[in-house]
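# Working through the structure, step by step
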Amino acid sequence: DQIHTIISKFEYANEKTEHLVFYDSGGSQIAHSEGNAGSVLRPAGKKIPDGYGGWGYAKLDTTDLISNHNHPVGTPAFSPEDISITAQNNEFALITTTPDKGSWAIVRPKGGWSEETKDLARMRALFNREVEVFEGTARGKEITEMVKLKKISPIDGADIIISEAMKKILSDLG
């Protein structure tokens, strides 16, 4: 399907800085931006006159697009910011990819993103819950939080897709 196609096209999995790429439903790249080791800004839209004799950039309309970004430090889960911003912009899907090519994707529910999912403070509160499984390892905490997403009410109905590489990572962790 289109999510697996985009995962296979993503060429930044092993970069030392975060890269964010937007794709249309056919898998064509629309925009790309590069950040630092821990974050990346969303790419700007078209260059436009600013009304004062200079130039600026319009906000990139990401409605119905699919984004993929890498996590250079290897944590596979989405952050609360990732999910909330995806919902706020009504994007079709969000993918994260790790250096070992493990990928998670969350796809917009059929009824659309809920208002609760768009609420960043609420998403942060959900992610700050105590995590018991894999206690003590950052990677284990991230994976556990991601697995719990299937049970978090604001995104009930959202499909979570796990790449074959990520399935292997999960099985290796026990």
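One structure accompanies this document, and this report is about it. (Residues numbered from 1 in each chain as written. Predicted model: local features only at pLDDT ≥ 70, side-chain atom pairs only at ≥ 80, totals over all residues. Heavy atoms only, no water.)

All told, the structure shown has one aromatic pair when counted by the stated rule. A ring pair is formed by Phe 10 and Tyr 12, whose centres lie 5.6 Å apart and whose planes are at 70°; its orientation type is edge-to-face. (Phe/Tyr/Trp six-rings, centres within 6.5 Å; stacked < 30°, edge-to-face > 60°.)

Along the chain, His 69 falls in strand E5 (residues 66-70). When its relative accessible area of 4% is taken as the criterion, His 69 is described as buried. The spacing of His 69 and Glu 18 is 51 residues in sequence and 6.7 Å in space, taken between C-alpha atoms. Engagement of the side chain of His 69 in a polar contact is seen with the side chain of Asp 82, the distance being 3.3 Å. (Helix = DSSP H or I, 4+ residues; strand = E, 2+ residues; numbered from the N terminus. Buried < 20%, exposed > 50% of the residue type's maximum accessible area, 1.4 Å probe, protein only. Polar contact = N/O pair within 3.5 Å; in protein donor to acceptor, adjacent residues only side chain to side chain.)

Of all hydrophobic cores here, the largest spans twelve residues; its members are Ile 3, Ile 6, Ile 7, Phe 10, Tyr 12, Val 21, Tyr 23, Ile 66, Ala 93, Ile 95, Ala 105 and Val 107. Among the elements that take part in this core, helix H1 (residues 2-9) stands out by supplying three residues, more than any other. Setting aside residues no more than four positions away along its own chain, Tyr 12 makes contact with His 19, Val 21, His 32 and Asn 70. Among the nonpolar cores identified, the runner-up in size contains eight residues, and Leu 94, Trp 104, Ile 106 and Met 123 belong to it. (Core = buried A, V, L, I, M, F, W, Y, C linked by side-chain atoms within 4.5 Å. Contact = heavy atoms within 4.5 Å.)

Further remarks concern the pairing of strand E1 (residues 19-23). Burial within E1 is extensive, with five of its five residues counted as buried. Of the two faces of E1, the one carrying His 19, Val 21 and Tyr 23 and the one carrying Leu 20 and Phe 22 are both buried. Both E1 and strand E2 (residues 29-34) contribute to a ladder of five bridges, which runs antiparallel. Considered in E2, the bridge of Phe 22 is made with Ala 31. Between E1 and E2, which pair antiparallel in sequence order, lie five residues; one of them, Gly 27, sits at a positive phi of approximately 90°. Here four bridges tie E1 to E5, and the two strands are oriented antiparallel to one another. Its bridge partner being in E5, Tyr 23 is matched across the sheet by Ile 66. (Pairing = 2+ DSSP bridges.)

It is worth stressing that arrangement in space is one thing and function is another; only the former is reported here.
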